[in-house]
Amino acid sequence: MDDTIVDILPLTIVELAPVRDDQGQIVDFIWVYANEMSNRVVLPEGGSIVGQRVCDIDPAYRESDMFSDAVLCIETGQPRELFNSSRTPTPHGRLKHLEGTVVRYSIMPKGDGCVICSVEITDLVHARDQANDWLEMFRSAFDHAVQAITLTTETSRIIYANQALYDLLGYAPGELEGKSSQVIMRREDHEAVVKAGTKMWGGKIEQEIMDVTLIGKSGEEIIVSTALTSLYSEVRGERIFISHARDVRADRKLAHDLATALQRAEHATQLKSEFLANMSHELRTPLNGILGMAQVLTGGELTTAQAEQVSIILESGQSLLAILNDILDLSKIEAGRMELSFVEADLRHKLNRVCKLYEPVAQEKDINLRLVVDPSVPALLMLDTVRLRQCVGNLISNAVKFTENGDILIVATAETRGEDTSRITIHVSDNGCGIPHEKVAQIFESFVQADGSTTRKYGGSGLGLPISRKLARMMGGDITVASELNKGAIFTLTLESQIVRQERPISVPKPARDTDLGITRKASLQDGRVAPSVLVVDDNAINRRVARSFLEQNDYEVHEACDGLQALMRLGNEFFDLVLMDINMPELDGQRALDRLRAGDGPNASAPVIALTADSMRGDREKYIARGFNGYVSKPIDQRSILTVMESCLAAARPNPDRRSA
């Protein structure tokens, strides 16, 4: 071969001749030939190594594997192969530049000496070592993975399965390798896996996740969720499918148990709602009799002692009614069924009305109730006035309850948020007994008060603050408290509200007095008109008696019916200006009685009908109005409330004076 060609090859080629001692032992070598690459490797500064002794250039060579292998090759006449010479650089650093390299040597006999060819393969060895390192890491990750992992060929032959799969199926390690994956899964599932693999082969999908039923060695069926992917192996020349399977039996059982628990919880919630509705009806019916007759008694001639006794009955009944309403509110909030109803309202007017309610009680304890509304509060806001009054009323009521004397200050301010939104803040501060710091959190828990003796001393159910805070949060705010024992407390109510009108009103309208309705009624009858005729329909005799007492005191002509069927008979033959219709009655309930009345053409087909019911959950009024009733009154009946609704319905019916003669 032309020497110029050998010189440009990227490998070293040298021919060595042995140097022997007197005993004929090889003690060194002389380079008799070296190509250009060999000269540059040994003498990077330039020059030729031909004719020089190897050990003179590199004294460490005599102790290397290369030296001993070259001797063996010459003496046996057999070629030798080795990687690296294991030699160390000479002290003066002649071969220091070779440190860290990996070289492959081929030693071949030639005459009395040998030819050595070498090529540096450092990069290849590093790549191999890195690949082996990754292989070990991946194998360790696969072997110790929680999920069951399998690698299968295009023909479904298992070439790898990790320990998790063997543990899951009950096979010994290595027992599945070489077998078809059909052994470990149902036929239909295997067909589904093959179908998914075909789609991957065609490039339609990259991954398929499906539920598969595997078959254990004992025949046990095991439901797993498997993720199937694939890659093309250049070495094998085929596509390999990789499956990660997870035992989902516990998950499926948990999901089933959770679904069952949810159904039971929903059923329990429904039963709870039905129970509360029934209890509301059952409790409000006797309360209606108690409160109704007590209100009737207040209109009679009573001695001072009797008047005090009736007042106690009314106060006790109202307290019981308040507790009942609190329990129903709490239940509805917890069930997520509480709905807010926003209307345009003047916050100043509403707060003034609430304060007026508590002024008599405050004055009895020599407490000065002061209301301050900052000019920043808009004139009109969108508010749920009922729930706002409930929250503020609860805070004022508590302040009055826990304060012996002094001042209670109610301060309302507003902060504009955006163009049409305002954040309302209402502070209620008192100088009462205060709350210990460690008890502040628990006063917002249902049925809990700061001190166990509080209920005995002050009364209450421990529901007011929890309900008020929940309502405040539903209105986009909260209720917080700052307090110090024996120095009073400051409760802060915040809520978000839409601004209707910003400017402050000139005056606040004066609320009507409770006695106005009775005066109006009596005055309207002095012109000689006939007293309005009212049919009271209720299956409970006490309820009918209460309604009769209220109405006769205000000069109404009262008639009675004990159920829907009797009511329809009377409504078909007599004329009535108005009907008070109980909803829950045997035989024929109030709703069906109303539907039949409106569907007929009798003299009372268009008469105003007011729903009279113990259903008092939020939204019941709107529900009954939507069903065709002209008004709604909840039990226990409040005299002023029922008279107000009746006057409203009668006023709306007055444009038809000829109905009586129809």
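What comes next concerns the included structure.

Rules and cut-offs
Along each chain, residue indices are assigned from 1 in the same order as the chain's sequence is written. Local features in this predicted model are restricted to residues of pLDDT 70 or higher, and side-chain atom pairs are both shown and tallied only at a pLDDT of 80 or more, whereas totals for entire chains, interfaces and linings draw on every residue. To obtain the side-chain values, all non-hydrogen atoms of the structure were used and water was disregarded. The helix and strand labels rest on DSSP assignments: H or I over at least four residues marks a helix, E over at least two residues marks a strand, and numbering proceeds from the N terminus. Categorising residues by exposure relies on relative accessible area from a 1.4 Å probe, with only protein chains included: less than 20% of the type maximum marks a residue as buried, more than 50% marks it as exposed, and the intermediate range marks it as partly exposed. Any two residues whose heavy atoms approach within 4.5 Å are treated as being in contact. Here the arc refers to the directions that run from the helix axis out to each C-beta atom. Pairs of N or O atoms within 3.5 Å make up the polar contacts considered here, provided that, within protein, one atom can donate a hydrogen while the other can accept it, and that residues adjacent in sequence are counted only when both atoms are side-chain atoms. As used in this record, nonpolar core signifies buried Ala, Val, Leu, Ile, Met, Phe, Trp, Tyr and Cys residues forming a set joined through side-chain atoms within 4.5 Å. Only strands that DSSP links by at least two bridges are regarded as paired with each other. Angles run from 0 to 180 degrees between N-to-C directions of axes, and those axes are lines fitted to C-alpha atoms, restricted for helices to the stretch in contact. By this rule the span expected of a helix is its residue count minus one, scaled by 1.5 Å. What is called the bend at a residue is the angle between a pair of axes, fitted to the seven residues leading up to and ending at it and to the seven starting from it. Crossing handedness follows the turn of the near helix against the far one: under a right angle anticlockwise gives a left-handed crossing, and clockwise gives a right-handed one. Amino acids are sorted into nonpolar (Ala, Val, Leu, Ile, Met, Phe, Trp, Tyr, Cys and Pro), charged (Asp, Glu, Lys and Arg) and polar (every other residue, Gly among them). Salt bridge, as used here: a side-chain nitrogen of Lys or Arg that lies within 4 Å of a carboxyl oxygen of Asp or Glu. Only residues above 30% relative accessible area that lack a salt bridge enter a patch, with like-charged residues linked at up to 9 Å and the nonpolar side chains Val, Leu, Ile, Met, Phe, Trp and Tyr linked at up to 5 Å. Note on areas: Shrake-Rupley with a 1.4 Å probe; residue coverage comes only from the protein chains shown.

1. Digging into the overall build of the protein
Next up, step 1: The secondary structure content of the protein amounts to 19 helices and 22 strands.
Next up, step 2: Across the 662 residues of the protein, 41% fall into the buried class.
Next up, step 3: For the protein, the share of sequence-separated contacts (at least 6 apart) that also reach a separation of at least 24 residues comes to 60%.

2. A closer look at helix α17 (residues 590–599)
Next up, step 1: Looking only at α17, the buried set comprises G590, Q591, A593, L594 and L597. One face of α17 carries all of its buried residues, which in axial projection span an arc of 160°.
Next up, step 2: Where α17 is buried, its residues touch α16 (564–573), β20 (578–582), β21 (609–613) and α18 (620–626).
Next up, step 3: Backbone nitrogen of Q591 and a side-chain oxygen of the N-cap are separated by 3.2 Å at the start of α17; the cap is D589.

3. With respect to the nonpolar core
Next up, step 1: I396, I426, F491 and L493 are the most contacted members of the largest nonpolar core, which totals 43 residues.
Next up, step 2: In terms of residue count, the dominant contributor to this core is helix α11 (residues 385–401) (seven residues).
Next up, step 3: Beyond its immediate stretch of four places on either side in the chain, I426 contacts L351, L388, V392, I410, V411, A412, F491, T492 and L493.
Next up, step 4: Core analysis: the next-biggest nonpolar cluster, separate from the first, contains 25 residues, C55, L82, I107 and I116 among them.

4. So, the sheet that holds strand β1 (residues 12–20)
Next up, step 1: One open sheet accounts for five strands, arranged β2-β1-β5-β4-β3; its pairing is antiparallel. Of all strands in the sheet, those with a lone pairing partner are β2 (26–34) and β3 (80–83), marking the two edges. Taken pair by pair, the neighbouring strands of this sheet meet at an average axis angle of 25°, ignoring direction.
Next up, step 2: Both strand β4 (residues 103–110) and strand β5 (residues 113–120) contribute to a ladder of eight bridges, which runs antiparallel. Bridged to Y105 within β5 is S118.
Next up, step 3: Contacts from helix α4 (residues 65–76) reach β1, β2, β3, β4 and β5 within the one sheet, and its direction differs from that of β2 by about 85°.

5. Focus: helix α10 (residues 347–364)
Next up, step 1: Look at α10: 27 Å from first C-alpha to last across 18 residues, which is about the 26 Å you get at 1.5 Å a residue.
Next up, step 2: Of all the bends in α10, the greatest, near 40°, is centred on Y358, and the proline P360 appears no more than four residues after it.
Next up, step 3: Among the residues of α10, L347, R348, H349, L351, V354, C355 and A362 are the ones counted as buried.
Next up, step 4: At its buried positions, α10 is contacted by β11 (343–345), β12 (367–373), β13 (380–383), α11, β14 (406–417) and β15 (421–430).
Next up, step 5: Backbone geometry just after α10 places D366 at a positive phi near 60°.

6. Structural notes on the pairing of β20
In the case of a regular strand, side chains alternate between the two sheet surfaces.
Next up, step 1: With five of five residues buried, β20 is to be regarded as a mostly interior element.
Next up, step 2: Alternating residues of β20 divide into L578, L580 and D582 and V579 and M581, and every residue in both groups is buried.
Next up, step 3: Across four bridges, strand β18 (residues 533–537) lies against β20 in parallel orientation. Counted as the bridge partner of V537 is M581 from β20.
Next up, step 4: Examined bridge by bridge, β20 and β21 share four bridges and lie parallel to one another. Paired with V579 across the bridge in β21 is V609.

7. Some points on the sheet that holds strand β22 (residues 631–634)
Next up, step 1: Pairing is parallel across the open sheet formed by five strands, whose spatial order is β19-β18-β20-β21-β22. Each of the sheet's edge strands pairs with one partner strand only, and the pair in question is β19 (557–561) and β22. For this sheet, the mean angle separating the axes of adjacent strands, direction not counted, is 20°.
Next up, step 2: By the bridge criterion, four bridges tie β21 to β22 in an arrangement that is parallel. Residue pairing across strands places T613 opposite S634, the latter belonging to β22.
Next up, step 3: Strands in contact with helix α15 (residues 541–553) are β18, β19 and β20; relative to β19, the strand with the most contacts, it is inclined by about 170°.

8. Thoughts on the packing of α11 against helix α13 (residues 464–474)
Next up, step 1: The interhelical angle for the contact between α11 and α13, taken along N-to-C directions, is 145°, at an axis separation of 9 Å. Remark: the crossing between α11 and α13 carries left-handed chirality. Residues R387, Q390, C391, N394, L395 and N398 of α11 form the contact with α13, whose participating residues are G464, L465, I467, S468, L471 and A472.
Next up, step 2: Looking at the contact of α11 with α13 residue by residue, the classes come out as six nonpolar, five polar and one charged.

9. Re the pattern of salt bridges
Next up, step 1: Inspection of every chain in the model, using the stated rule, returns 27 salt bridges.
Next up, step 2: For E81, the salt bridge is made with R104, and the minimal N-O distance between the two is 3.6 Å. Remark: R104 occurs in strand β4 and E81 occurs in strand β3; sequence separation between them is 23 residues.
Next up, step 3: In this structure R104 comes out as partly exposed when scored by relative accessible area, which is 39%.
Next up, step 4: Residue D211 pairs with R252 through a salt bridge whose shortest N-O separation is 2.4 Å. Of this pair, D211 sits in strand β8 (residues 208–215) while R252 sits in helix α8 (residues 249–298); the two residues are 41 residues apart in sequence, bridging distant segments of the chain.
Next up, step 5: A single network of salt bridges, built from pairs that share partners, joins E415, R417, R423 and E496.

10. Let's talk about a nonpolar patch on the surface
Next up, step 1: A cluster of nonpolar side chains, namely I5, I8 and L9, defines an oily patch on the protein surface of about 280 Å² accessible area.
Next up, step 2: Locating L9 in the fold gives a position in the loop between α1 (3–8) and β1.
Next up, step 3: By relative accessible area, L9 is classed as partly exposed at 30%.

11. Quick notes on unusual backbone geometry
Next up, step 1: Residues K635 and P636 are joined by a peptide bond in cis, for which omega reads 0°.
Next up, step 2: Position of P636 relative to the elements: it lies in the loop between β22 and α19 (639–653).
Next up, step 3: The phi dihedral of D366 falls on the positive side, at around 60°, and the residue is not glycine.
Next up, step 4: Position of D366 relative to the elements: it lies in the loop between α10 and β12.
Next up, step 5: The backbone of N486 shows a phi angle near 70°, a positive value even though the residue is not glycine.
Next up, step 6: Locating N486 in the fold gives a position in the loop between β16 (478–484) and β17 (488–501).

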